[in-house]
Amino acid sequence: MDWQVLTRELSLYLESQVRVGLFGSGVGLSLVLGFGVAYACYYLSSIAKKPQLVASNDRFCRFLEEYCPVVTETYYPTIWCWEGRVQTLLRPFITSRPQVQYRNELIKTADGGQISLDWFDNGDSLYYPDASTRPTVLLLPGLTGTSKESYILHMIHQSETLGYRCVVFNNRGIAGEDLLTPRTYCAANTEDLEAVIHHVHSLHPAAPFMAAGVSMGGHRQMLEKLFDMDLVMKARTVREFDKQFTSVMFGYRTIDDYYEDASPCRKLKSVGIPVLCLNSVDDVFSPGHAIPVETAKQNANVALVLTSCGGHIGFLEGIWPRKCTYMDRVFKQFVQAMFEHGNKIFSM
C-alpha cells in the first residue's frame, strides 16, 4: 500500500468536507474519522518500524534472530506518546512498580568505602531449585538510580519468571547508604564494579553469571571537605556537574578528558564477551549521531539494536503502557538466550 497516496487522498477528502461547512450533516464525524485514519497511516508508515540490528558477526546475528526474535520485530511505540522526550518523561510515572522483596548486603571496598547490594534470591525458583547453580543477573541502574527504579523492578520480575537470581549494584552513597569516603560515581572507573563482580562470583562460583546495565545525593558533609559544594549545587546541566565535581574527584585535567576516557568508543574494541546494546536514535541523552555504530562493527562480540523511537529508557508500547516495555522484552529474551543457549552463539 502506498501510504503517501492514501494520505494525500485523505487530505483532499478533508478539504472537501471543510468546504461543505462545519455545520453540514456528518462533517464533525467525518473530520474525526479522517484525522484518525490519517494519523494511523502516518504512525504505521513513519513511526512503527523494525529496529536496525548492527553486528559484524553473521553467527551472532543468526543467534539473535533465532533466540531473541524481538530484535527483528516491528516496535510499535505507544501511539499517543511515541516522541522521545515524552517517552523519557512519562516512563517513571506511568509504568507499574512490581513488588520485590530484597535482601540487602553491604560490602567493604579497599579504600574504606562501602557498596550496597540488593539481592533477589528467588528461593522459590522452580526451574533452578539448587541455589548454587541458579543463574545470576547483576543489574546496574542508571546514574542516580537504585534498586527501587521501576525499570529495575520490571527486569527482576522478568528474571523471576525464568527462575533466575538477581543482585542490584547501588552506586556509593545511593539508596540511603552513608558515603564513607569522598568518592561517588564515575563513568570511566570500573573498580567498584569489578569488586562487585568478584564478590558475587565468589559466592556462587558454579552459577552462570550475566550483567545488564541501564543508562549511565546527599552526603554534603563528607564532600564539602574537598569540593566547593555551593558551586557544584549551582550546576544546571550534567556537563556543568561533571566539570565541577566528577572530573575533579577522579583527577581529570579537563571535563573533555573525562568524557573522552568514559566514551564507549574507547571500550567497544576490547569487549571480549557477547554484548547486546539497545538504544533509541531519538534518545535525548544518547542521540543517534553519538552512537558508535562503525566502532561496534569492528568487534564480533558486539551487537546494536537501534529503534527509531523509545527515548531514554522509555520504550513504551501498548495503548496504556503500564507493564512490559520493549526494553523489558529484549532483556528477557536475551538473558534467557545467553543462559540457556549461549554455547551455540558462535557455532551457528
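Small disclaimer: the values here were computed from a predicted structure and weren't measured.

**Student:** Could you clarify how one ought to interpret the environment of Glu160 in this entry?
**Tutor:** As for its placement among the helices and strands, Glu160 is situated in helix H5 (residues 150-162). Taking the relative accessible area as the measure of exposure, Glu160 reaches 38% and is therefore partly exposed. With residues up to four places along the chain from it excluded, the contact list for Glu160 reads Phe120 and Asn122.

**Student:** For this particular structure, what's the right way to read the pairing of strand E2 (residues 103-108)?
**Tutor:** In terms of strand pairing, E2 meets strand E3 (residues 114-120) through 6 bridges, oriented antiparallel. Each bridged residue has a counterpart across the sheet, and for Asn104 the counterpart in E3 is Asp118. Between E2 and E3, which pair antiparallel in sequence order, lie 5 residues; one of them, Gly112, sits at a positive phi of approximately 95 degrees.

**Student:** Could you clarify how one ought to interpret the sheet that holds strand E4 (residues 136-140) in this entry?
**Tutor:** Taken in spatial order, the 5 strands line up as E2-E3-E5-E4-E6 in an open sheet, and their pairing is mixed. Both edges of this open sheet fall to E2 and strand E6 (209-213), since each of them pairs with a single strand only. Averaged over all pairs of adjacent strands, the angle between their axes in this sheet comes to 25 degrees, without regard to strand direction. Sitting on the sheet, helix H6 (residues 191-203) is in contact with E2, E3, E4, strand E5 (165-170) and E6, with an inclination near 45 degrees to E3.

**Student:** In this structure, what is going on with the side chain of Asn299? I would like to understand it.
**Tutor:** Mapping Asn299 onto the fold places it in the loop between helix H11 (293-296) and strand E8 (302-307). Within the structure, the side chain of Asn299 is placed 2.9 Å from the backbone oxygen of Val271, a separation counted as a polar contact. Contacts of Asn299, omitting those with residues within four sequence positions, involve Ser56, Leu268, Lys269, Ser270 and Val271.

**Student:** What is the right way to read a nonpolar patch on the surface from this model?
**Tutor:** On the surface, Trp80, Ile319 and Trp320 cluster together into a nonpolar patch covering about 410 Å² of accessible area. In this fold, Trp80 is placed in the loop between helix H3 (58-67) and helix H4 (84-94). Accessibility expressed as a relative area gives 42% for Trp80, which makes it partly exposed.

**Student:** Looking at this structure, I do not really get the packing of aromatic side chains. What am I missing?
**Tutor:** Given two aromatic rings, their pairing is described by the distance between the two centres and the angle made by the two planes. Evaluation of the coordinates by the stated rule reveals 11 aromatic pairs. The interplanar angle of 55 degrees and the centroid separation of 6.3 Å between the aromatic rings of Tyr42 and Trp82 together place this pair among those described as tilted. Residue Tyr42 is located in helix H2 (residues 27-47), and its partner Trp82 is located in the loop between H3 and H4; the two are separated by 40 residues in the primary sequence. The class for Trp82 is partly exposed, based on a relative accessible area of 22%. Members of the aromatic cluster, joined through ring pairs, are Tyr75, Phe315 and Tyr326.

**Student:** Teacher, can you tell me more about the pairing of E4 here?
**Tutor:** Within a regular beta strand, the side chains point alternately toward one face of the sheet and then the other, so they alternate between its two faces. In terms of burial, E4 is a largely internal element, 5 of the 5 residues being buried. In E4, alternate side chains face the same way, and those of Thr136, Leu138 and Leu140 on one face and Val137 and Leu139 on the other are all buried. Pairing of E4 with E5, which is carried by 4 bridges, proceeds in the parallel orientation. Within E5, the position partnered with Thr136 by the bridge is Arg165. Between the parallel pair E4 and E5, the chain is carried across by H5, and the sense of this crossover is right-handed.

**Student:** Please clarify how H6 should be interpreted in this entry.
**Tutor:** Taking 1.5 Å of rise per residue, 13 residues should cover 18 Å, and H6 covers 19 Å from first to last C-alpha, within 8% of that figure. Three or more residues of H6 are buried, namely Asp192, Val196, His199 and Val200. Looking straight down H6, one finds that the buried residues subtend no more than 95 degrees of arc, so they occupy a single side. In this structure, the buried side of H6 is in contact with E2, E3, E4, E5 and E6.

Quick notes on the rules
Residues numbered from 1 in each chain as written. Predicted model: local features only at pLDDT ≥ 70, side-chain atom pairs only at ≥ 80, totals over all residues. Heavy atoms only, no water. Helix = DSSP H or I, 4+ residues; strand = E, 2+ residues; numbered from the N terminus. Buried < 20%, exposed > 50% of the residue type's maximum accessible area, 1.4 Å probe, protein only. Contact = heavy atoms within 4.5 Å. Pairing = 2+ DSSP bridges. Axes fitted to C-alpha atoms, helices over the stretch in contact; angles between N-to-C directions. Polar contact = N/O pair within 3.5 Å; in protein donor to acceptor, adjacent residues only side chain to side chain. Patch = residues over 30% accessible without salt bridge, like charges linked within 9 Å, V, L, I, M, F, W, Y side chains within 5 Å. Areas by Shrake-Rupley, 256 points an atom, 1.4 Å probe, with all protein chains shown as cover. Salt bridge = Lys/Arg side-chain N within 4 Å of Asp/Glu carboxyl O. Phe/Tyr/Trp six-rings, centres within 6.5 Å; stacked < 30°, edge-to-face > 60°. Right-handed = clockwise from strand over helix to strand, strands pointing away. Expected span 1.5 Å × (residues − 1). Arc of directions from axis to C-beta.

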